[in-house]
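If you want the building blocks of each chain, they are given just below.
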Amino acid sequence: MTIVFQPAVDPSHYEAMFQIGALTVHPALLRPADDGVFVRRPRPDRAGQRPAARYEVARGRWGLIPLFAGSRDYPATYEARVETAATERDFYQPWKRGHRCVVLADALFRHAESDSRVVRVARTDASPLALAGLWNAWRSPEGQCVESFALLTLPSEEQPGERRIVFLRDGWIDDWLNCPVEEAAACLRPYDLHKLARTEVDALPQFHVFERPAAAV
């Protein structure tokens, strides 16, 4: 189970992978219910703002808020199971609408088997992890549009009974964001474990907050 993740803040990753040159401000570590950024295809209702853009960066709450929610504090939607996301009440609307996204992370942190230490998971080549997610836009009772996202999970190969966030293979990121809904699940497969570096640490690291002037996306 994920504790937190360290968002990728190096602009060059977004520029190389998505041709996006502007980032909003990130927290150094993202915890459930925090606001973070995710990459998606441009929203159709905003297509006229950047007609040539293939992707855009959006900012939203980690914890998907379903359309039927009565408040933005809707609980326990940080992670969606791949096996049931297409039919589960909290997630089936974003799934069927193709509201898929990618969250770039330099590292992900979870409890170790002993539960007294923390495991840091990152790529061995130092490239960012591409986490597969779903996003949604919810309208509050006051009329505010609140965006949010959830990360998708699969059963863990190395720890039966546990679940792991879906890491997209590099060649499947574009497919995940653009393929028809009926083909989306094919992109959500276990990641090659030999490409991951797992290190046990005593506690979550302390980071200085990376700040970059906010820009229109």
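Each remark here, short or long, concerns the structure printed above.
To keep things clear, this report deals only with the structure shown in the data block. Model, not experiment: these values are computed from the prediction.

Some points on the overall build of the chain
- Of the regular secondary structure elements, the chain holds three helices and ten strands.
- Shown N-terminal to C-terminal, the secondary structure of the chain runs as helices and strands in the order β-α-β-β-β-α-β-β-β-β-β-α-β.
- The proportion of buried residues among the 217 residues of the chain is 47%.
- Counted over contacts in the chain with a minimum sequence separation of 6, partners at least 24 positions apart contribute 66%.
- When the accessible surface of the chain is summed, it comes to about 10,700 Å², and 50% of that surface belongs to carbon and sulfur atoms.

Examining the pattern of salt bridges
- Under the definition given, this model contains ten salt bridges.
- The salt bridge involving R163 is made with E83; its shortest N-O contact spans 2.7 Å. Here R163, found in strand β9 (residues 163-165), pairs with E83, found in the loop between β4 (79-81) and α2 (92-96); they are 80 residues apart in sequence, far enough to count as distant.
- We classify R163 as buried; its relative accessible area is 16%.
- The class for E83 is partly exposed, based on a relative accessible area of 47%.
- When the shortest N-O distance is used, the salt bridge between D125 and R123 registers 2.8 Å.

Observations regarding empty space enclosed by the protein
- Taken as a whole and assessed by the stated rule, the structure comprises two cavities of 30 Å³ or more.
- The wall of the largest cavity is formed by 21 residues, among which E158, R164, I165, F167 and L193 lie closest to the centre.
- Only β5 (100-111), β8 (145-155), β9 and β10 (196-201) provide two or more residues apiece to the lining of the largest cavity.
- No other element matches the three residues that β9 contributes to the lining of the largest cavity.

A closer look at the nonpolar core
- Counting 31 residues, the largest nonpolar core has F18, V102, L152, L168, W176 and L188 as its most contacted members.
- Put simply, the parts of the chain that give this core at least two residues each are α1 (11-18), β2 (35-40), β5, β7 (129-139), β8 and α3 (173-178).
- Setting aside chain neighbours within four positions, we find F18 in contact with H13, V39, Y55, V102, L104, I173 and L177.
- F5, F38, W135 and F149 belong to the second largest nonpolar core, which has 22 residues in total.

Some thoughts on the side chain of N136
- Within the fold, N136 resides in strand β7.
- Engagement of the side chain of N136 in a polar contact is seen with the backbone oxygen of I65, the distance being 2.8 Å.
- Setting aside chain neighbours within four positions, we find N136 in contact with L64, I65, P66, L67, P94, H99, V146, E147 and S148.

Section: the side chain of R43
- Tracing the sequence through the fold places R43 in the loop between β2 and β3 (56-62).
- A polar contact is formed between the side chain of R43 and the side chain of E147, at a distance of 3.0 Å.

Examining the packing of aromatic side chains
- Inspection of the entire model under this criterion finds seven aromatic pairs.
- Ring geometry for F38 versus F149: centroids 5.4 Å apart, planes at 50°, classification tilted. In this pair, F38 sits in strand β2 while F149 sits in strand β8, placing the two residues 111 residues apart along the sequence. F149 matches F38 in its accessibility class, with the two residues each being buried.
- The ring of W135 is capped by R40, whose NZ or CZ atom sits 4.3 Å from the centre of that ring.
- Lying over the aromatic face of W176, R100 brings its terminal NZ or CZ to 5.5 Å of the ring centre.

Cut-off values and rules
- In this convention, every chain numbers its residues from 1, walking through the sequence in written order.
- With the structure being a predicted model, the display of local features is reserved for residues of pLDDT at least 70 and the display and counting of side-chain atom pairs for 80 or more, all residues being used for whole-chain, interface and lining totals.
- As a rule here, side-chain values come from all non-hydrogen atoms in the structure, and water together with hydrogens is ignored.
- Runs of H or I in DSSP of at least four residues are treated as helices and runs of E of at least two as strands, each being numbered from the N terminus.
- Think of it in three bands: residues with accessible area under 20% of the maximum for their type are buried, residues over 50% are exposed, and the middle band is partly exposed, with areas taken using a 1.4 Å probe on protein chains only.
- Contact definition: two residues touch when any of their heavy atoms are within 4.5 Å.
- Surface exposure here means Shrake-Rupley accessible area, sampled with a 1.4 Å probe, where a residue is shielded only by the protein chains that are shown.
- Here, a salt bridge means any side-chain nitrogen of Lys or Arg that lies within 4 Å of a carboxyl oxygen of Asp or Glu.
- With a 1 Å grid spanning the protein atoms alone, the term cavity applies to any set of points in which a 1.4 Å probe fits but cannot get out, the term pocket to an open set with protein on both sides within 12 Å along at least five of seven lines, and the term lining residue to any residue with an atom within 4 Å of a point.
- Grid points are joined across faces, edges and corners, and a volume is the space filled by probe spheres set on the points.
- Among the buried residues, those of types Ala, Val, Leu, Ile, Met, Phe, Trp, Tyr and Cys that are joined through side-chain atoms within 4.5 Å form a nonpolar core.
- In protein, a polar contact means a hydrogen-donor-capable atom and an acceptor-capable atom, both N or O and within 3.5 Å, with residues adjacent in sequence counting only if both atoms are side-chain atoms; elsewhere, any N or O pair within 3.5 Å suffices.
- Under the pairing criterion, centres of Phe, Tyr and Trp rings, with the six-membered ring standing for Trp, must be within 6.5 Å; the plane angle then separates stacked pairs below 30 degrees from edge-to-face pairs above 60, leaving the rest tilted.
- Criterion for a charge above a ring: Arg CZ or Lys NZ at most 6 Å from the ring centre, at most 35 degrees from the ring normal.

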